[in-house]
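Structure assessment
Chain by chain, the residues run as shown.
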Amino acid sequence: MEVKQHERLHRDDQNLCKLAISELEDIYADLGLSIEELDLLDMPRRSFTVHFPVKMDSGKMKMFVGHRVQYNDARGPTKGGIRFHPELTLGHVMDLAFLMSLKCAVVNIPFGGAKGGVAVDPKEIKRNELEQVTRGYIHAIADYIGPFKDIPAPDVYTDEKIMVWILDEYERIKGEHAPAVVTGKPIELGGSRARSYSTSLGGIYILEEALKKTDMDKFEVSIAIQGFGNVGENAARILHERGYKVIAVSDSKGGIMNREGLDIPAVMKHKAKTGSVVDFAGATNITNEELLTCECDILVPAALSDQLTKDNAADVKAKIVLELANAPTTKEADDIFFDRKIMLIPDVLANAGGVVVSYFEWSQNLTNDYWEESRVLERLKKSMITAFNDVYSICREDNCRMRRSAYKLALKRILQAERLRGNL
Ligand code: GLU
(Lines give C-alpha, C1' and ligand atoms only; values in the text may rest on other atoms or scores of the structure.)
Protein backbone atom coordinates (compact mmCIF):
# COMPACT_ATOMS: atom_id res chain seq x y z
CA MET A 1 0.00 0.00 0.00
CA GLU A 2 1.25 3.48 -0.80
CA VAL A 3 2.31 5.64 2.15
CA LYS A 4 -0.56 7.96 2.97
CA GLN A 5 1.22 11.02 4.24
CA HIS A 6 -1.93 12.93 5.15
CA GLU A 7 -3.20 10.12 7.34
CA ARG A 8 -0.07 10.31 9.41
CA LEU A 9 0.66 13.99 9.55
CA HIS A 10 -2.37 15.02 11.56
CA ARG A 11 -1.30 12.83 14.44
CA ASP A 12 0.30 14.32 17.47
CA ASP A 13 3.93 13.60 16.65
CA GLN A 14 5.35 14.02 20.15
CA ASN A 15 6.13 10.35 20.44
CA LEU A 16 7.20 9.70 16.90
CA CYS A 17 10.74 9.15 15.83
CA LYS A 18 11.74 12.18 13.77
CA LEU A 19 14.36 10.21 11.89
CA ALA A 20 11.80 7.61 10.95
CA ILE A 21 9.52 10.29 9.61
CA SER A 22 12.06 12.36 7.72
CA GLU A 23 14.49 9.81 6.33
CA LEU A 24 12.42 6.77 5.73
CA GLU A 25 9.34 7.86 3.82
CA ASP A 26 10.85 6.78 0.49
CA ILE A 27 11.94 3.42 1.80
CA TYR A 28 8.56 2.85 3.38
CA ALA A 29 6.95 3.57 0.03
CA ASP A 30 9.44 1.30 -1.74
CA LEU A 31 8.77 -1.56 0.64
CA GLY A 32 5.04 -0.93 0.22
CA LEU A 33 4.38 -0.85 3.95
CA SER A 34 0.87 -0.78 5.40
CA ILE A 35 -0.28 1.89 7.84
CA GLU A 36 -0.04 -0.71 10.64
CA GLU A 37 3.57 -1.43 9.77
CA LEU A 38 4.36 2.26 9.64
CA ASP A 39 2.76 2.88 13.01
CA LEU A 40 4.71 0.04 14.46
CA LEU A 41 8.00 1.45 13.19
CA ASP A 42 7.38 5.13 13.91
CA MET A 43 6.84 4.76 17.65
CA PRO A 44 9.20 3.50 20.33
CA ARG A 45 7.86 0.71 22.53
CA ARG A 46 8.96 2.57 25.62
CA SER A 47 10.53 5.96 26.14
CA PHE A 48 11.00 7.70 29.44
CA THR A 49 12.65 10.56 31.23
CA VAL A 50 13.85 10.44 34.82
CA HIS A 51 14.92 13.20 37.20
CA PHE A 52 17.19 12.30 40.06
CA PRO A 53 19.07 14.12 42.83
CA VAL A 54 22.85 13.97 43.23
CA LYS A 55 24.79 15.22 46.23
CA MET A 56 27.64 17.22 44.69
CA ASP A 57 31.11 17.46 46.26
CA SER A 58 30.19 20.91 47.61
CA GLY A 59 27.52 19.23 49.75
CA LYS A 60 24.72 20.83 47.70
CA MET A 61 22.08 18.72 45.93
CA LYS A 62 21.63 19.06 42.18
CA MET A 63 18.89 17.53 40.03
CA PHE A 64 19.85 15.72 36.81
CA VAL A 65 17.75 14.55 33.89
CA GLY A 66 18.20 11.24 32.07
CA HIS A 67 16.39 9.44 29.26
CA ARG A 68 16.11 5.91 27.95
CA VAL A 69 14.29 4.81 24.82
CA GLN A 70 13.66 1.14 24.09
CA TYR A 71 12.65 1.38 20.50
CA ASN A 72 11.86 -2.09 19.20
CA ASP A 73 12.27 -5.47 20.88
CA ALA A 74 10.80 -7.87 18.34
CA ARG A 75 14.18 -9.52 17.66
CA GLY A 76 15.38 -9.68 21.27
CA PRO A 77 16.09 -7.58 24.35
CA THR A 78 16.82 -3.96 23.51
CA LYS A 79 20.46 -2.97 23.28
CA GLY A 80 22.26 0.33 23.06
CA GLY A 81 24.65 2.76 24.62
CA ILE A 82 24.34 5.37 27.31
CA ARG A 83 25.80 8.78 26.51
CA PHE A 84 26.63 11.67 28.76
CA HIS A 85 26.22 14.92 26.87
CA PRO A 86 25.08 18.37 28.01
CA GLU A 87 22.72 18.83 25.05
CA LEU A 88 21.08 15.42 25.23
CA THR A 89 17.34 15.47 24.45
CA LEU A 90 14.69 12.76 24.45
CA GLY A 91 14.10 13.34 20.73
CA HIS A 92 17.72 12.73 19.84
CA VAL A 93 17.86 9.64 22.05
CA MET A 94 14.78 8.36 20.24
CA ASP A 95 16.44 8.74 16.85
CA LEU A 96 19.55 7.00 18.10
CA ALA A 97 17.48 4.16 19.62
CA PHE A 98 15.76 3.70 16.29
CA LEU A 99 19.18 3.53 14.60
CA MET A 100 20.27 0.89 17.13
CA SER A 101 17.22 -1.24 16.20
CA LEU A 102 18.28 -1.05 12.56
CA LYS A 103 21.95 -1.66 13.39
CA CYS A 104 21.30 -4.86 15.36
CA ALA A 105 19.09 -6.11 12.52
CA VAL A 106 21.65 -5.26 9.80
CA VAL A 107 24.33 -7.37 11.50
CA ASN A 108 21.71 -9.96 12.38
CA ILE A 109 22.26 -10.22 16.13
CA PRO A 110 19.33 -11.15 18.41
CA PHE A 111 18.70 -7.72 19.90
CA GLY A 112 16.30 -4.85 19.51
CA GLY A 113 17.47 -1.25 19.79
CA ALA A 114 17.71 1.25 22.65
CA LYS A 115 19.67 4.33 23.65
CA GLY A 116 19.88 6.45 26.75
CA GLY A 117 21.85 9.01 28.57
CA VAL A 118 22.12 11.86 31.00
CA ALA A 119 22.27 15.56 30.18
CA VAL A 120 25.63 16.27 31.76
CA ASP A 121 29.08 17.37 30.64
CA PRO A 122 31.42 14.83 32.25
CA LYS A 123 34.34 17.23 31.78
CA GLU A 124 32.64 19.78 34.04
CA ILE A 125 32.17 17.58 37.08
CA LYS A 126 34.47 15.73 39.47
CA ARG A 127 35.08 11.97 39.30
CA ASN A 128 33.05 11.24 42.42
CA GLU A 129 30.19 13.37 41.10
CA LEU A 130 30.30 11.43 37.82
CA GLU A 131 30.00 8.20 39.77
CA GLN A 132 27.02 9.53 41.72
CA VAL A 133 25.34 10.74 38.50
CA THR A 134 25.81 7.27 36.95
CA ARG A 135 24.50 5.49 40.04
CA GLY A 136 21.58 7.92 40.36
CA TYR A 137 20.56 7.32 36.76
CA ILE A 138 20.78 3.52 37.07
CA HIS A 139 18.85 3.64 40.34
CA ALA A 140 16.10 5.49 38.50
CA ILE A 141 15.90 3.04 35.58
CA ALA A 142 16.92 -0.25 37.26
CA ASP A 143 13.49 -1.85 36.97
CA TYR A 144 13.45 -1.32 33.23
CA ILE A 145 16.84 -2.75 32.32
CA GLY A 146 18.22 -6.30 32.73
CA PRO A 147 20.01 -9.09 30.83
CA PHE A 148 16.77 -10.12 29.10
CA LYS A 149 15.11 -6.69 28.97
CA ASP A 150 17.47 -3.91 27.95
CA ILE A 151 21.26 -3.95 28.03
CA PRO A 152 23.21 -0.66 28.12
CA ALA A 153 26.76 -0.12 26.81
CA PRO A 154 29.25 2.74 26.31
CA ASP A 155 28.52 5.59 23.94
CA VAL A 156 29.63 9.23 23.61
CA TYR A 157 31.63 10.27 26.74
CA THR A 158 30.98 7.03 28.65
CA ASP A 159 33.60 4.34 29.14
CA GLU A 160 34.55 1.11 30.95
CA LYS A 161 34.73 2.82 34.33
CA ILE A 162 31.15 4.05 33.94
CA MET A 163 30.03 0.55 32.86
CA VAL A 164 31.48 -0.79 36.14
CA TRP A 165 29.39 1.70 38.17
CA ILE A 166 26.32 0.68 36.15
CA LEU A 167 27.01 -3.01 36.85
CA ASP A 168 27.69 -2.46 40.52
CA GLU A 169 24.64 -0.27 41.12
CA TYR A 170 22.34 -2.70 39.31
CA GLU A 171 23.74 -5.71 41.21
CA ARG A 172 23.38 -3.89 44.55
CA ILE A 173 19.74 -3.14 43.81
CA LYS A 174 18.95 -6.67 42.62
CA GLY A 175 21.05 -8.38 45.29
CA GLU A 176 22.69 -10.76 42.83
CA HIS A 177 25.40 -10.92 40.20
CA ALA A 178 24.20 -10.00 36.73
CA PRO A 179 27.19 -9.34 34.46
CA ALA A 180 25.03 -9.59 31.33
CA VAL A 181 23.09 -6.43 32.32
CA VAL A 182 25.69 -4.18 30.67
CA THR A 183 28.42 -4.59 28.05
CA GLY A 184 31.68 -2.76 27.52
CA LYS A 185 32.95 -3.86 30.95
CA PRO A 186 36.62 -4.37 31.78
CA ILE A 187 37.88 -7.94 31.16
CA GLU A 188 38.26 -8.52 34.94
CA LEU A 189 34.51 -8.00 35.45
CA GLY A 190 33.24 -10.07 32.53
CA GLY A 191 34.12 -7.85 29.59
CA SER A 192 35.00 -9.38 26.26
CA ARG A 193 38.42 -9.36 24.67
CA ALA A 194 38.55 -6.81 21.84
CA ARG A 195 35.37 -4.96 22.90
CA SER A 196 37.29 -1.73 23.56
CA TYR A 197 38.39 -1.41 19.93
CA SER A 198 35.68 -3.46 18.21
CA THR A 199 33.76 -0.52 16.73
CA SER A 200 36.92 0.69 14.98
CA LEU A 201 38.12 -2.75 13.86
CA GLY A 202 34.64 -3.73 12.64
CA GLY A 203 34.61 -0.54 10.53
CA ILE A 204 38.02 -1.40 9.11
CA TYR A 205 36.87 -4.91 8.11
CA ILE A 206 34.00 -3.20 6.28
CA LEU A 207 36.33 -0.68 4.66
CA GLU A 208 38.63 -3.44 3.40
CA GLU A 209 35.68 -5.26 1.89
CA ALA A 210 34.47 -2.01 0.29
CA LEU A 211 37.92 -1.28 -1.16
CA LYS A 212 37.75 -4.62 -3.01
CA LYS A 213 34.78 -3.20 -4.94
CA THR A 214 36.82 -0.22 -6.11
CA ASP A 215 40.06 0.18 -8.04
CA MET A 216 41.77 1.86 -5.09
CA ASP A 217 44.94 0.30 -3.74
CA LYS A 218 44.95 -0.34 0.01
CA PHE A 219 48.46 1.01 0.46
CA GLU A 220 48.01 4.11 -1.65
CA VAL A 221 44.86 5.54 -0.17
CA SER A 222 45.01 8.52 2.17
CA ILE A 223 42.67 8.63 5.15
CA ALA A 224 41.33 11.51 7.27
CA ILE A 225 39.62 10.80 10.60
CA GLN A 226 37.45 13.26 12.47
CA GLY A 227 37.41 12.50 16.20
CA PHE A 228 40.14 11.05 18.43
CA GLY A 229 38.01 9.56 21.19
CA ASN A 230 37.83 5.79 21.70
CA VAL A 231 36.54 5.08 18.19
CA GLY A 232 38.62 7.59 16.19
CA GLU A 233 41.85 6.91 18.05
CA ASN A 234 41.55 3.13 17.75
CA ALA A 235 40.66 3.46 14.06
CA ALA A 236 43.78 5.57 13.46
CA ARG A 237 45.94 3.16 15.45
CA ILE A 238 44.70 0.00 13.72
CA LEU A 239 44.83 1.55 10.24
CA HIS A 240 48.39 2.70 10.91
CA GLU A 241 49.34 -0.79 12.16
CA ARG A 242 47.85 -2.33 9.01
CA GLY A 243 50.01 -0.11 6.81
CA TYR A 244 47.47 2.55 5.79
CA LYS A 245 48.40 6.20 5.46
CA VAL A 246 46.40 8.33 7.91
CA ILE A 247 47.03 11.94 6.85
CA ALA A 248 44.72 13.88 9.19
CA VAL A 249 43.05 13.45 12.58
CA SER A 250 41.19 15.82 14.89
CA ASP A 251 39.49 16.20 18.24
CA SER A 252 37.14 18.82 19.66
CA LYS A 253 40.01 21.34 19.93
CA GLY A 254 41.05 21.06 16.25
CA GLY A 255 42.97 18.88 13.82
CA ILE A 256 46.40 18.11 12.40
CA MET A 257 47.60 17.09 8.96
CA ASN A 258 50.69 15.59 7.35
CA ARG A 259 50.30 14.58 3.71
CA GLU A 260 53.10 11.99 4.05
CA GLY A 261 51.16 10.22 6.78
CA LEU A 262 51.00 10.85 10.52
CA ASP A 263 53.04 8.87 13.02
CA ILE A 264 49.92 7.74 14.93
CA PRO A 265 51.64 6.19 18.00
CA ALA A 266 53.48 9.51 18.45
CA VAL A 267 50.20 11.45 18.03
CA MET A 268 48.64 9.23 20.71
CA LYS A 269 51.50 10.02 23.09
CA HIS A 270 51.16 13.74 22.34
CA LYS A 271 47.41 13.59 23.04
CA ALA A 272 47.95 11.68 26.31
CA LYS A 273 50.43 14.36 27.40
CA THR A 274 48.68 17.55 26.27
CA GLY A 275 45.02 16.51 26.14
CA SER A 276 44.71 17.18 22.40
CA VAL A 277 46.18 16.22 19.02
CA VAL A 278 46.62 19.93 18.20
CA ASP A 279 50.21 21.31 18.01
CA PHE A 280 51.70 17.88 17.27
CA ALA A 281 55.28 18.53 16.12
CA GLY A 282 55.14 16.34 12.99
CA ALA A 283 52.12 18.04 11.41
CA THR A 284 50.33 21.29 10.53
CA ASN A 285 47.32 22.41 12.53
CA ILE A 286 44.00 22.47 10.65
CA THR A 287 40.40 23.08 11.69
CA ASN A 288 37.77 20.35 11.92
CA GLU A 289 36.04 21.92 8.92
CA GLU A 290 39.27 21.75 6.88
CA LEU A 291 39.67 18.10 7.80
CA LEU A 292 36.22 17.19 6.47
CA THR A 293 36.92 18.77 3.09
CA CYS A 294 40.64 17.97 2.79
CA GLU A 295 42.20 16.17 -0.17
CA CYS A 296 41.93 12.47 0.82
CA ASP A 297 40.50 9.18 -0.49
CA ILE A 298 38.68 8.03 2.63
CA LEU A 299 36.94 10.23 5.16
CA VAL A 300 36.01 8.74 8.53
CA PRO A 301 33.67 10.86 10.66
CA ALA A 302 34.15 9.33 14.12
CA ALA A 303 32.90 12.16 16.35
CA LEU A 304 29.39 13.55 16.77
CA SER A 305 26.20 13.79 14.65
CA ASP A 306 25.48 16.25 11.83
CA GLN A 307 29.06 16.97 10.74
CA LEU A 308 28.56 16.51 6.99
CA THR A 309 25.80 18.84 5.90
CA LYS A 310 24.48 20.65 2.82
CA ASP A 311 27.05 23.38 3.53
CA ASN A 312 30.16 21.21 3.18
CA ALA A 313 29.09 18.03 1.32
CA ALA A 314 29.83 19.51 -2.11
CA ASP A 315 33.42 20.24 -1.00
CA VAL A 316 34.20 16.77 0.34
CA LYS A 317 37.00 15.25 -1.79
CA ALA A 318 36.94 11.68 -0.43
CA LYS A 319 35.67 8.80 -2.58
CA ILE A 320 34.53 6.75 0.42
CA VAL A 321 32.91 8.07 3.60
CA LEU A 322 32.97 5.54 6.46
CA GLU A 323 30.53 6.60 9.19
CA LEU A 324 32.05 5.45 12.47
CA ALA A 325 30.04 8.06 14.42
CA ASN A 326 26.28 7.75 14.73
CA ALA A 327 24.36 9.94 12.25
CA PRO A 328 27.30 12.18 11.17
CA THR A 329 25.72 12.90 7.76
CA THR A 330 22.50 14.85 7.24
CA LYS A 331 19.89 13.79 4.69
CA GLU A 332 20.84 16.66 2.35
CA ALA A 333 24.53 15.74 2.48
CA ASP A 334 23.64 12.11 1.83
CA ASP A 335 21.79 13.16 -1.36
CA ILE A 336 24.77 15.24 -2.48
CA PHE A 337 27.18 12.32 -1.93
CA PHE A 338 24.93 9.99 -3.91
CA ASP A 339 24.79 12.44 -6.84
CA ARG A 340 28.57 12.81 -6.68
CA LYS A 341 29.02 9.00 -6.65
CA ILE A 342 30.80 9.07 -3.30
CA MET A 343 30.42 5.68 -1.60
CA LEU A 344 28.89 6.34 1.81
CA ILE A 345 29.06 3.40 4.18
CA PRO A 346 26.30 4.14 6.71
CA ASP A 347 26.66 4.09 10.49
CA VAL A 348 24.25 1.19 10.97
CA LEU A 349 26.74 -0.96 9.07
CA ALA A 350 30.10 0.80 9.49
CA ASN A 351 30.07 1.15 13.28
CA ALA A 352 28.13 -2.01 14.16
CA GLY A 353 31.32 -3.82 15.28
CA GLY A 354 30.82 -2.40 18.77
CA VAL A 355 27.42 -3.92 19.29
CA VAL A 356 28.47 -7.18 17.62
CA VAL A 357 31.18 -7.68 20.24
CA SER A 358 28.71 -6.50 22.90
CA TYR A 359 26.58 -9.43 21.80
CA PHE A 360 29.61 -11.75 22.20
CA GLU A 361 30.23 -10.26 25.65
CA TRP A 362 26.61 -10.84 26.68
CA SER A 363 26.76 -14.45 25.42
CA GLN A 364 30.00 -15.06 27.33
CA ASN A 365 28.44 -13.66 30.50
CA LEU A 366 25.38 -15.88 30.17
CA THR A 367 27.39 -19.06 29.49
CA ASN A 368 30.33 -18.22 31.75
CA ASP A 369 32.57 -19.41 28.93
CA TYR A 370 35.14 -16.76 28.03
CA TRP A 371 36.66 -16.58 24.56
CA GLU A 372 40.22 -16.02 23.36
CA GLU A 373 40.80 -12.77 21.48
CA SER A 374 41.36 -14.65 18.21
CA ARG A 375 37.90 -16.21 18.44
CA VAL A 376 36.28 -12.81 19.02
CA LEU A 377 38.11 -11.30 16.03
CA GLU A 378 37.30 -14.19 13.73
CA ARG A 379 33.58 -13.99 14.56
CA LEU A 380 33.55 -10.21 14.35
CA LYS A 381 35.13 -10.32 10.89
CA LYS A 382 32.62 -12.89 9.71
CA SER A 383 29.64 -10.84 10.97
CA MET A 384 30.90 -7.62 9.41
CA ILE A 385 31.74 -9.11 6.02
CA THR A 386 28.43 -10.95 5.81
CA ALA A 387 26.52 -7.76 6.70
CA PHE A 388 28.49 -5.73 4.16
CA ASN A 389 27.78 -8.21 1.39
CA ASP A 390 24.08 -8.50 2.34
CA VAL A 391 23.78 -4.72 2.10
CA TYR A 392 25.93 -4.41 -1.00
CA SER A 393 23.90 -6.92 -2.97
CA ILE A 394 20.65 -5.01 -2.26
CA CYS A 395 22.49 -1.88 -3.34
CA ARG A 396 23.45 -3.54 -6.62
CA GLU A 397 19.96 -4.92 -7.27
CA ASP A 398 18.17 -1.66 -6.54
CA ASN A 399 20.89 0.69 -7.78
CA CYS A 400 20.44 2.77 -4.66
CA ARG A 401 22.60 4.18 -1.90
CA MET A 402 24.02 1.91 0.76
CA ARG A 403 22.12 3.56 3.62
CA ARG A 404 18.89 2.79 1.90
CA SER A 405 19.86 -0.85 1.31
CA ALA A 406 20.90 -1.27 4.94
CA TYR A 407 17.62 0.23 6.19
CA LYS A 408 15.64 -1.95 3.83
CA LEU A 409 17.38 -5.11 5.02
CA ALA A 410 16.91 -4.14 8.68
CA LEU A 411 13.27 -3.16 8.35
CA LYS A 412 12.44 -6.40 6.58
CA ARG A 413 14.05 -8.40 9.38
CA ILE A 414 12.30 -6.41 12.12
CA LEU A 415 8.91 -6.63 10.44
CA GLN A 416 9.32 -10.35 9.85
CA ALA A 417 9.95 -10.81 13.59
CA GLU A 418 6.84 -8.73 14.38
CA ARG A 419 4.83 -10.79 11.92
CA LEU A 420 6.00 -14.08 13.40
CA ARG A 421 5.03 -12.82 16.86
CA GLY A 422 1.56 -12.10 15.55
CA ASN A 423 1.82 -8.35 16.02
CA LEU A 424 1.05 -7.72 12.35
N1 GLU B 1 27.12 2.79 21.60
C2 GLU B 1 27.48 1.82 20.62
C3 GLU B 1 26.64 2.00 19.37
O4 GLU B 1 26.09 3.04 19.13
C5 GLU B 1 27.46 0.41 21.17
C6 GLU B 1 26.16 -0.11 21.62
C7 GLU B 1 26.24 -1.47 22.31
O8 GLU B 1 27.30 -2.06 22.31
O9 GLU B 1 25.21 -1.88 22.83
O10 GLU B 1 26.57 1.12 18.54
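Just so it is clear, the model here is predicted, and its values are computed rather than measured. (Residues numbered from 1 in each chain as written. Predicted model: local features only at pLDDT ≥ 70, side-chain atom pairs only at ≥ 80, totals over all residues. Heavy atoms only, no water.)

1. Focus on the site of the ligand
- Not every one of the 14 residues close to the ligand is listed here, only the nearest: Lys79, Lys103, Pro154, Asp155 and Ser358.
- The separation between a nitrogen atom of the ligand and a polar side-chain atom of Asp155 is 2.7 Å.
- Measuring from an oxygen atom of the ligand, one finds a side-chain N or O atom of Arg195 at 3.1 Å.
- Elements with a contribution of two residues or more to the shell around the ligand: strand 3 (78-84), helix 4 (90-106), strand 5 (150-154) and helix 13 (353-367).
- In terms of residue class, the shell around the ligand is built from 4 nonpolar, 5 polar and 5 charged. (Near = heavy atom within 4 Å. Polar contact = N/O pair within 3.5 Å; in protein donor to acceptor, adjacent residues only side chain to side chain. Helix = DSSP H or I, 4+ residues; strand = E, 2+ residues; numbered from the N terminus. Nonpolar A, V, L, I, M, F, W, Y, C, P; charged D, E, K, R; others polar.)

2. Some points on the sheet that holds strand 12 (residues 343-345)
- Pairing within the open sheet is mixed, and its 7 strands lie in the order 9-8-7-6-10-11-12. Looking at which strands have only one partner, the edges of the open sheet turn out to be strand 9 (284-286) and strand 12. Going from strand to strand, the sheet's axes swing by 20° on average, the running direction of each strand aside.
- With 5 bridges connecting them, strand 6 (residues 222-226) and strand 7 (residues 245-251) associate as parallel partners. Looking at strand 7, one finds that Ile223 is bridged to Val246. (Pairing = 2+ DSSP bridges. Axes fitted to C-alpha atoms, helices over the stretch in contact; angles between N-to-C directions.)

3. What about the sheet that holds strand 5?
- One open sheet holds the 5 strands; their spatial order is 1-2-4-3-5, and the pairing between them is mixed. Looking along the sheet, the strands with just one partner apiece sit at the ends: strand 1 (46-55) and strand 5. With strand direction ignored, the average angle separating the axes of adjacent strands in the sheet is 25°.
- Here strand 3 runs beside strand 5; their pairing, made up of 5 bridges, is parallel. Opposite Gly80, over in strand 5, you have Pro152 as the bridge partner.
- Sitting on the sheet, helix 5 (residues 127-141) is in contact with strand 1, strand 2 (61-72), strand 3 and strand 4 (112-118), with an inclination near 135° to strand 1. (Contact = heavy atoms within 4.5 Å.)

4. What about the nonpolar core?
- Of all hydrophobic cores here, the largest spans 91 residues; its most connected members are Leu102, Ile225, Val249, Ile345, Leu349 and Met402.
- With 11 residues, helix 4 is the single largest residue contributor to this core.
- Beyond its immediate chain neighbours, meaning those up to four positions away, Leu102 contacts Val348, Tyr407, Ala410, Leu411 and Ile414.
- Counting 27 residues, the second-largest nonpolar core is a separate cluster that includes Val120, Val133, Ile162 and Trp165. (Core = buried A, V, L, I, M, F, W, Y, C linked by side-chain atoms within 4.5 Å. Buried < 20%, exposed > 50% of the residue type's maximum accessible area, 1.4 Å probe, protein only.)

5. Points about the packing of aromatic side chains
- Applying the stated criterion across every chain yields a total of 11 aromatic pairs.
- Ring plane angle 50° and centroid distance 5.1 Å describe the contact between Phe48 and Tyr144, whose orientation is recorded as tilted. Placement of Phe48 in strand 1 and of Tyr144 in the loop between helix 5 and strand 5 is noted, with a sequence separation of 96 residues between them.
- On the accessibility criterion, Tyr144 (36% relative accessible area) is partly exposed.
- Taken together, the ring pairs in this structure connect Phe111, Phe148, Tyr359, Phe360, Trp362 and Trp371 into an aromatic cluster.
- One Lys or Arg, Arg237, reaches over the ring of Tyr197 and ends 5.5 Å from the middle of that ring.
- The ring of Trp371 carries Arg375 above its face, with NZ or CZ at 4.2 Å from the centroid. (Phe/Tyr/Trp six-rings, centres within 6.5 Å; stacked < 30°, edge-to-face > 60°. Lys NZ or Arg CZ within 6 Å of the ring centre and 35° of its normal.)

6. Observations concerning helix 9 (residues 264-274)
- Every buried residue belonging to helix 9 is among Ile264, Val267 and His270, and all of these are buried. Seen end-on, helix 9 carries its buried residues on one side only, within an arc spanning 115°. Seen from the buried face of helix 9, the exposed residues on the opposite side, beyond 90 degrees, are Lys269, Ala272 and Lys273.
- Check the buried side of helix 9 and you find it contacts helix 8 (230-241), strand 7 and strand 8 (254-257).
- Gly275 sits one or two positions beyond helix 9 and adopts a positive phi of about 90°. (Arc of directions from axis to C-beta.)

7. Topic: unusual backbone geometry
- The residue Asn108 is not glycine, and still its phi comes out positive at about 55°.
- By the element assignment, Asn108 lies in the loop between helix 4 and strand 4.
- One non-glycine residue with positive phi stands out, namely Tyr157, at about 60°.
- Structurally, the position occupied by Tyr157 is in the loop between strand 5 and helix 6 (160-174).
- According to the relative accessible area criterion, Tyr157 is partly exposed, its value standing at 37%.

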